[in-house]
Amino acid sequence: MRINLSIANPQLNGLTLAIGFLCLLKLTYAYFIPLNLIPYLIHDDFLFYRLASHLAELKWLGPYEATTLIKGFVYPGFISISLYTHLPIRILEAALVCLSSYYFLRSMQTFWNKTLLVLLFATLLFYPLQYGATEFRLVRDTIYPQLMLLLVTSLFFIYLQPKIQFNWRKSFHAAVFALALFLFLNTREEGIWILPALGFLLLFIVVRYYQQKNLLSLLKCTIVASVVFAVLHLGLLATNARAYHSAVTTIFQDKAFKHAYPALQRASSARLPLDGMANRDWEKLYLISPAALELKPYLESKHYANWAKVGCATLRSLGQDMSQSNCDQAVPVGHFMYAFLDAIASAGYKSLPEVLGFLNRLSGQINQACDQARIICKSYNTSTIDFALLKEPGAMGSIAHLIKQALMITVSYQNPTLAQITPTLEGREPYYEMKKRLRAFGFDSPFKNLQLHSEQLTLSAYPLAMGGSGVVDRISYVNGILTVGGWAMTQSNQPFSLIEVELNGRPLCTVSPDGFRPDMAHLSTQNLGFLCSAVAAITPQKPVVLRAYGVDPNTRTKFPLILSDAVRASLTNEWNEACYLEANPAIKEAVVAGRMTALMHWNTFGVHEERPCAPLFNPLYSPQKTYWNARVSILANSLLETLFFWNSKLYHYFNLLFVLVIPLSFGLLYKQKNSALLLLSSTLALLFFTRIVVISILDYLGLAPIWPIYLMSAFYAYFILGCVALVHLLSLLPNYWQQLQGRRSI
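How each quantity is defined
- Residues numbered from 1 in each chain as written.
- Predicted model: local features only at pLDDT ≥ 70, side-chain atom pairs only at ≥ 80, totals over all residues.
- Heavy atoms only, no water.
- Helix = DSSP H or I, 4+ residues; strand = E, 2+ residues; numbered from the N terminus.
- Buried < 20%, exposed > 50% of the residue type's maximum accessible area, 1.4 Å probe, protein only.
- Contact = heavy atoms within 4.5 Å.
- Areas by Shrake-Rupley, 256 points an atom, 1.4 Å probe, with all protein chains shown as cover.
- Phe/Tyr/Trp six-rings, centres within 6.5 Å; stacked < 30°, edge-to-face > 60°.
- Axes fitted to C-alpha atoms, helices over the stretch in contact; angles between N-to-C directions.
- Left-handed = near helix turned anticlockwise from the far one by under 90°.
- Nonpolar A, V, L, I, M, F, W, Y, C, P; charged D, E, K, R; others polar.
- Patch = residues over 30% accessible without salt bridge, like charges linked within 9 Å, V, L, I, M, F, W, Y side chains within 5 Å.
- Salt bridge = Lys/Arg side-chain N within 4 Å of Asp/Glu carboxyl O.
- Pairing = 2+ DSSP bridges.
- Disulfide = S-S within 2.5 Å.
- Core = buried A, V, L, I, M, F, W, Y, C linked by side-chain atoms within 4.5 Å.
- Polar contact = N/O pair within 3.5 Å; in protein donor to acceptor, adjacent residues only side chain to side chain.
- pLDDT = per-residue confidence, 0-100.

Looking now at the overall build of the chain. The number of helices and strands found in the chain is 27 helices and eight strands. Looking at the 746 residues of the chain, the share that counts as buried comes to 55%. Counting contacts in the chain only where the partners sit at least 6 residues apart, residues at least 24 apart contribute 75% of the total. When the accessible area of the chain is evaluated, it comes to approximately 33700 Å², of which 61% is carbon and sulfur surface.

Our focus in this paragraph is the packing of aromatic side chains. Two numbers describe a pair of aromatic rings. These are the distance of the centres and the angle of the planes. For the structure on display, the rule yields 45 aromatic pairs. Consider the rings of Tyr 144 and Phe 184, whose centres lie 4.4 Å apart with planes at 10 degrees: the pair is stacked. Note that Tyr 144 is positioned in helix H7 (residues 144-159) and Phe 184 in helix H8 (residues 168-185), a separation of 40 residues in sequence. When its relative accessible area of 1% is taken as the criterion, Tyr 144 is described as buried. Their ring planes at 80 degrees and their centres at 6.2 Å tell us that Phe 182 and Phe 229 sit as a pair that is edge-to-face. With Phe 182 in helix H8 and Phe 229 in helix H10 (residues 215-244), the pair connects residues that are 47 residues apart, well separated along the chain.

Here the focus is the packing of helix H11 (residues 255-267) against helix H17 (residues 352-371). Where H11 contacts H17, the axes come no closer than 8 Å and their chain directions differ by 35 degrees. The way H11 lies across H17 gives a crossing that is left-handed. Packed against H11, whose contacting residues are Ala 256, Phe 257, His 259, Ala 260, Ala 263, Leu 264, Arg 266 and Ala 267, the element H17 presents Leu 356, Leu 359, Asn 360, Leu 362, Ser 363, Ile 366, Asn 367, Cys 370 and Asp 371 at the interface. Residues of the contact of H11 with H17, tallied by class, amount to 11 nonpolar, four polar and two charged.

Time to look at a nonpolar patch on the surface. There is a patch of nonpolar side chains on the surface, built from Leu 216, Leu 219, Ile 223, Val 227 and Val 231 and spanning about 470 Å² of accessible area. With respect to the helices and strands, Leu 219 occurs in helix H10.

Okay, the pairing of strand E4 (residues 506-511) next. Across five bridges, the pairing between strand E3 (residues 498-503) and E4 is antiparallel. Paired with Glu 502 across the bridge in E4 is Pro 507. Here E3 folds back onto E4 in antiparallel fashion, the turn holding two residues, of which Asn 504 has a positive phi close to 55 degrees.

To continue, consider the sheet that holds strand E7 (residues 558-560). Strand order in the open sheet formed by four strands is E4-E3-E6-E7, with antiparallel pairing between adjacent strands. On the outer flanks of this sheet lie E4 and E7, each paired with one strand and no other. For this sheet, the mean angle separating the axes of adjacent strands, direction not counted, is 30 degrees.

Bringing the state of the cysteines into the picture now. Considering all chains together, one arrives at two disulfides under this definition. With a sulfur-sulfur separation of 1.9 Å, Cys 370 is cross-linked through a disulfide to Cys 377. Its S-S torsion of about -70 degrees marks the bond between Cys 370 and Cys 377 as left-handed, since a negative value means left-handed. For Cys 370, a relative accessible area of 9% gives the class buried. There is a disulfide in this structure between Cys 579 and Cys 613, and the S-S distance comes to 2.0 Å. Between Cys 579 and Cys 613, the disulfide has an S-S torsion of -40 degrees and is therefore left-handed. Here Cys 613 lies in the loop between helix H24 (598-609) and helix H25 (630-672) and Cys 579 lies in helix H22 (residues 577-583), a separation of 34 residues in the sequence. Across the pair, exposure class does not vary: Cys 579 and Cys 613 are buried alike.

A few words now on the nonpolar core. If you look at the biggest cluster of nonpolar residues, it comprises 110 residues, and the most contacted ones within it are Phe 104, Met 108, Trp 112 and Leu 687. Looking at which element gives the most residues to this core, the answer is helix H27 (residues 712-745), with 16 residues. In terms of nonpolar packing, the next biggest core, distinct from the first, is built from 77 residues, Leu 61, Leu 83, Val 248 and Leu 352 among them.

Attention shifts here to the side chain of Asn 647. Turning to its location among the elements, Asn 647 is positioned in helix H25. Relative accessible area serves as the criterion here: at 13%, Asn 647 is assigned to the buried category. Within the local environment of Asn 647, its side chain forms a polar contact with the backbone oxygen of Phe 126, the two atoms lying 3.1 Å apart. The residues contacting Asn 647, other than those within four sequence positions of it, are Tyr 29, Phe 126 and Pro 128.

This part covers the environment of Ala 230. Take Ala 230: it is sitting in helix H10. The spatial distance from the C-alpha of Ala 230 to the C-alpha of Phe 182 is 9.1 Å, given a sequence separation of 48 residues.

Note on placement: Ser 107 falls in helix H4 (residues 89-107). In contact with Ser 107, not counting residues within four places along its chain, are Thr 153, Phe 156, Phe 157 and Leu 160.

This paragraph deals with unusual backbone geometry. Here the phi dihedral of Ala 373 falls at roughly 60 degrees; this positive angle occurs in a residue that is not glycine. Residue position: Ala 373 is located in the loop between H17 and helix H18 (395-412). Of the residues examined, Ala 373 reaches a relative accessible area of 63% and is grouped as exposed. You will see that Lys 673, though not glycine, has its phi angle at about 55 degrees, which is positive. The residue Lys 673 is located in the loop between H25 and helix H26 (675-700) in this model. On the basis of relative accessible area, Lys 673 is assigned to the exposed category, the value being 71%.

Turning next to the confidence of the model for the chain. Looking at the chain as a whole, the pLDDT averages 81, with 81% of positions reaching at least 70. Taking the mean pLDDT of every element in the chain, the minimum, 41, falls on helix H20 (residues 462-465) and the maximum, 96, on H8. Within the model, pLDDT remains below 50 along residues 443-466, and this stretch shows 79 contacts once partners closer than five positions in the same chain are excluded.

Let us look at the pattern of salt bridges. Inspection of the entire model under this criterion finds 14 salt bridges. Where Glu 65 meets Arg 50, a salt bridge forms, and the shortest distance between an N and an O atom there is 3.7 Å. Note that Glu 65 is positioned in the loop between helix H2 (45-56) and helix H3 (74-85) and Arg 50 in helix H2, a separation of 15 residues in sequence. Among the salt bridges present, the one from Arg 90 reaches Glu 93, with a minimum N-O distance of 2.9 Å.

A separate point is the pairing of strand E6 (residues 546-551). Every regular strand shows the same layout, with side chains that alternate between the two sheet faces. Where burial is concerned, most of E6 is hidden: five out of the six residues are buried. Two strands pair when backbone bridges link them, and E6 and E7 are joined in this way by three bridges, in the antiparallel orientation. Paired with Tyr 549 across the two strands is Pro 560, which belongs to E7.

Structural data, given as structure tokens:
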């Protein structure tokens, strides 16, 4: 039965209204999804935001820096729409979901009735892993799966029309395919993984058009797609050439880097998971390469050493076995490319042509030394990824284990709650400025892992001297958000399971303690730092009542935490000069010397610095009329957490159900000879497995770990496949029911 989804069809007004209502519901729901920004990640969140800021100002990607062209321009371009139009970023993400889901729905209109179509549309719209798997961050993986869906749908539309001659509709689908492919390949660098599935679908399209003797129509579609893609690609190259004097898409895809990086791998003695450059490798390169010698000051500095530490810490956190190698002597390959570009920039190469010229000189010098046997080298590898490592003994077994692990994660993954995925306040001012410009919802879940300034960490003797269980020694009220921090201490071997904070007799926040307070490491007790925050309504000069408790993990008994003098003084919400001077010795010294008064320091500096003992209500960051009403924000967040929790639970059970539904659907489609849905399902399954395999290989090579954020496309392909299978089975139920009733009547 063919269904026309046009609004002009009066019989389908109900369907149109249902689709419109679901989209409106999605936009509203998405707007209240919090945005987790990590401003100090200059190669991820902050990079995307920085590039988007330049795009919004119509300055392309801004001046060239070491990080400017390391990633595709598409996601910064997407963010720039929010910055330029002042539309909330979550609204734009939701709009893209609505667009891609509706486009997919239109391709399904020939197979099912309108009730099943609405059901399919609703499940695709409220797919929760779009946010949970990406940790609510500002990352490109929130739009990447949608581009994948547009790609598959556009080709499927062309497949469904083999008898129709070339017309504007076919040219539209061909143009959508070219546009989606261009955006997809310029969103993530490893976009080539989608080509096997697209090639598979294209093969069947060619066969079907050949059978219908309509290859000319397909050829015209190919020409349209090729022209659109070529115009977009050449336009990108021309834009970068004009801005940076070199026609590249990203620096990692330029031939100069593709020659230099394999040359470094060729000279490297390190193996997995450290197939970067060890210190001993650089020492031998200094002797044969003047270009490498230019990098020596940076490579022997603390900055390069920090890259090694960060990379090693990442590998250890993922459970990688580091016992067989000295990790801190080499930068792991996943981080090495960024460290390498930083080293080039530090050597004085500030423009893109200079960087590319340096890369060509470096690769030429290394390869010449290797060819002349002046240094010991591996066999030459023409790829930036050393696939020769896949031939090593045990490699296939390790990758098979990783594939199994990725499959299990995809099928059984459950979204974390909103409270578990929480933003950090490190780089506080960029954080608030970014959220304001992106029109992100004003409520934030509890903040964790705040790296406090050392002068703000003052060890309190209260808990130990008085036999207490902990102390609250940190409090601030910024932009309507009250943040409370301290230490939780127990004399037993088990830490508190939770820290509960109450404000004016009402629960403020609950957080699990963690070890972010390094200044307590010397104490013998089981000590853990905590930090939590929430939107709160605080009135100027009105005292605030705060209580905090540690919860025993066994008895669930609550132990009160003591408030430090500085916190008590802030809770009065009035200026306390004596406490301010006592908590800030440097200021006290200046006041005693007569260089300033305490109040003068507060008005000039302290109001900006969240100094201890200052009034809790800061007129600079705590306006009487906040942008967001605190009580409304608290209510909205509570409702959102409930909806998100149950939505995630429901989808988790859906994913487990699909393990049974998908094979059954494949069997029935094959039996019914439903070639269209069988081809679509096969393409989705191929997308799913290809992404799983690619991420598993990249994990083995040390390039990208098996994290939910990198498996997002696999999650999405699996879920769409499961939804198609489930809806198809539901469409068969009436026929089976009629057959059953007929047999009973006989």
